[in-house]
Structure formats: C-alpha cells, structure tokens
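Overview (structure and organization)
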Amino acid sequence: MTTTALFEQLEAEARAGLPAHVAGYVAATAGAGQCHAEGLRDWAAARLVPRVLQGVSRTDEQLAATTVLGTPLRTPVLLAPMAQQVAAHPRGEAEAARAVAAAGSLLGVSTNTAVPFDAVAQAGAPWWYQVYVLRDRSLTGLLVDRAAAAGASALVLTVDTTALTQVDPAAASIEPTAWPPGPGRERLTALTGADLADRDAGAATPALDVDLATIGWLAERTGLPVVVKGVLHPDDARACAQAGAAGVVVSTHGGRRLGESVTSAAALPGVVAAVRSVDPAVEVYADSGVRSGAAVAWALAQGARAVFVGRPAWWGLAARGADGVAAVLDALTAELVTTLRQCGDVRA
Ligand code: FNR
C-alpha cells in the first residue's frame, strides 16, 4: 500500500470515530486552503536526480539512520508537535510516544498538551518541548523548567502563531467533554504546579513580545538547544542562526496560518542557504504537507536534517492508537529507504 492510500484509510477510520468538530479542527486550514493544498502539491512534485556507482551495500537501517542535534535516530521522519492528542486517544501524547520509541524517531510535545511530561517521557522516545510563549513569562519559565527536568532534549519555539486565524475559534468552541481545556488554568496548574489564582486572566494567553532575544532567554534558562519553528524567509532564518538557534523548522504550520503563504517546499532551499551562510552546524528541518518517502528524500537532498509529519499521525493515533502512528512513521521510512536505494546518497 502506498503512503497516500494508507493515510487516506487512517483519516477515514479516524473520522468515523471522532466528533465532527474535532475532525474539523484537525483538518482545518487557513484562508481558502491554498497554502495547504499547494504545500501538498509542491512536496508531491519534488523530483530527484538519482546518483549512481556509489555502491548499494548499505543496509536499510544504515540508509535511514540520522542524528538530530546529536541524538541518534533510526529515521529522519519525526512526529510534529500537535495540540490536544487526548482528543484522539485517551493517553494522548503518551500513546503516540510509544510508537515513536518503537520507530526510533523523536516527537514534539505541544504547549497545548494535556498529558503530564513524565507520562510522555516514560515511553522512552526522545522528545522536544514546543513552546508558545505566554503573556505571563513566569508560566512559560515554569513549563520549560518542568519539560527540561522531565527529559526534553530541546525546545521548539513556534513563532508563526501571531494572530488568531479561523482555525483557532474552532478549537475554542470545542466542548470540554470531548476536548480538555487548552492553555487554560486547570491544565497549566497541573503542568506547572503553580497556583494561578492570583494571576490575571490574560496570563495564559499568547505573549506579544516574542523576539530574537527569546531564543537566548530559553536557552540560558534551560541549557537546552532552541529550534525555531515557522521560519520561511531566508533573512529570518539567518537572524535565528545569529541569535543562537540550534535549528529552524521551515513550516507553514500545515497551511493553518496564512492561506497566501509560500509553501515550505518552496522556502526550504533559501532557508538552508541562509542558515549555512551563518553556521553550517545549525540544523534545518521541514514540515507541512510531507506525505511520501520521495518527499522526505528531496528534503534531505535540499539540506534538511529531518522532516516532521503532522495530520497523518494525528489521524493514525485516533484510528488505531500507537499502531496507527507507527504505521505512518514506518510507511514513510520504508518508502524513504526504497527511494534512497534507487537514488544513492542524496543528503546534501
Ligand atoms: C498543529 N501544529 C502545531 N504546531 C505547533 O507548533 N504547536 C501546536 O500546538 C500545534 N498544534 C497542531 C494541531 C493540529 C491538529 C495540527 C494538524 C497541527 C502544526 C504541526 O506541528 C505541523 O507544523 C503541521 O501539522 C505539519 O503539517 P502536516 O504534516 O499536518 O500537513
């Protein structure tokens, strides 16, 4: 079965068991959906120039293996940070992490998780904590401290969520029974251990003053490498590298932020060149519409270190729990290996 057919099947299975408003939230796109549709199209249109006479003796495991920020992985296909996975499965991110551990991959854990960090960490998979800086920075400080103490090996600072899009009101209207509170008081109290009764109502809303200095603040506070997610312009990528970022994720947030945005596939080569002009050790990752092993190979050929996959894994988790997430990661990795066997070492 191709990855395309598998992903369609998992989505159909998931939709059959999910309330329509939850499925609608996962599938949501910004604007008229142009960025999402064009992202899928651009990744699918990626073409490779096969290399020959390089020897084909490497094992599947050797072909797929990589490292991200020094962490050895068995695949460059990583699980994107996505909110509220308890709406897909009762154990949420902790269930997804089991599949990630089995696949030898890595997962991002969203600020909008409802699962305690220790439960995620218990699965044994490497994980990065995704940060939305909150208006009350001391809360963000507590969250990143806790994530670091629980074993997160990097922070992913998402910087593309600067305005409410039509995606967000949909999430806000989801009933609490099907959807535990987002960045609300109960969840933050549980995750930070702080008494929030004395904070004002805006404390847990997104901060308005996130800038390049935030990268250094997070890195110094936790001692963890900081990856900036949602970078599309080469100048921004260069500035992130100069400000001390360990990596950047070329991402349109799955086409959920700006309908008229350039796609991540189109932006990737320019970002790689910009980052390398500052420091070739800074890693570049990509996501938003990656759906095939050939697309993963193309990203690697452009200089990406790894890719993240989003919605197919969310549907997989909802449809079949850890088995569904594993199916997504394994299918993309298997296709990648076949592609690399045919193409030689494409890594730039
Ligand atoms: C996301 N994404 C996301 N990103 C982030 O930094 N923090 C978050 O909390 C979320 N939440 C979230 C929820 C859902 C339901 C989706 C679909 C996506 C974006 C995610 O990390 C990733 O960038 C995209 O999902 C990648 O695109 P594809 O693979 O879904 O097309």
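Procedures and definitions
- Along each chain, the written sequence defines residue order, and numbers are assigned to residues from 1.
- The predicted nature of this model means local features are confined to residues of pLDDT at least 70 and side-chain atom pairs, given and counted, to a pLDDT of 80 or more, with totals for whole chains, interfaces and linings taken over all residues.
- For each residue, a C-beta atom is placed from the backbone, and the residue is labelled near a molecule or strand when this atom is within 6 Å of it.
- A run of DSSP states H or I qualifies as a helix once it reaches four residues; a run of E qualifies as a strand once it reaches two. Both are numbered from the N-terminal end.
- Residues are grouped as follows: Ala, Val, Leu, Ile, Met, Phe, Trp, Tyr, Cys and Pro are nonpolar; Asp, Glu, Lys and Arg are charged; all remaining types, including Gly, are polar.
- The span one expects for a helix is its residue count, reduced by one, times 1.5 Å.
- Put plainly, a residue is buried at 20 or more neighbouring C-beta atoms within 10 Å of its own, exposed at 12 or fewer, and partly exposed in between, counting only other residues' C-beta atoms, which are placed from the backbone.
- Axis lines are fitted through C-alpha atoms, for helices just across the contact stretch, and the angle between N-to-C directions can take any value from 0 to 180 degrees.
- Oblique is the label for any angle not covered by the other classes, which are roughly parallel (under 35 degrees), roughly antiparallel (over 145) and roughly perpendicular (65 to 115).
- In this description, any two residues whose backbone-derived C-beta atoms lie within 7 Å of each other are considered to be in contact.

Take the site of the ligand next. Of all residues adjacent to the ligand, which total 22 residues, the nearest are A80, S110, T158, G254 and G310. Only strand 10 (306-309) and helix 14 (311-320) provide two or more residues apiece to the shell around the ligand. For the shell around the ligand, the class distribution of residues is 9 nonpolar, 10 polar and 3 charged.

Moving on to helix 7 (residues 137-150). Here helix 7 is 14 residues long and its end C-alpha atoms lie 20 Å apart, about the 20 Å a rise of 1.5 Å per residue gives. One or two positions beyond helix 7, positive phi appears at G151, with a value near 110°.

All right, on to the environment of N112 then. Structurally, the position occupied by N112 is in the loop between strand 4 (107-109) and helix 6 (117-121). Taking the C-beta count within 10 Å as the criterion, N112 has 19 such neighbours and is therefore assigned partly exposed. A C-alpha to C-alpha distance of 15 Å links N112 and K229, two positions 117 residues apart in sequence.

Below, the discussion takes up the packing of helix 1 (residues 3-17) against helix 15 (residues 322-343). Between two packed helices, both the angle of their axes relative to each other and the distance between the axes serve to describe the pair. Two numbers describe how helix 1 lies on helix 15: the axes approach to 10 Å, and their chain directions differ by 170°. Overall, the two elements helix 1 and helix 15 adopt an arrangement that is roughly antiparallel. Touching T3, L6 and L10 of helix 1 are G324, A327, A331, L332 and E335, all from helix 15. Partitioned by chemical class, the residues of the contact of helix 1 with helix 15 number 5 nonpolar, 2 polar and 1 charged.

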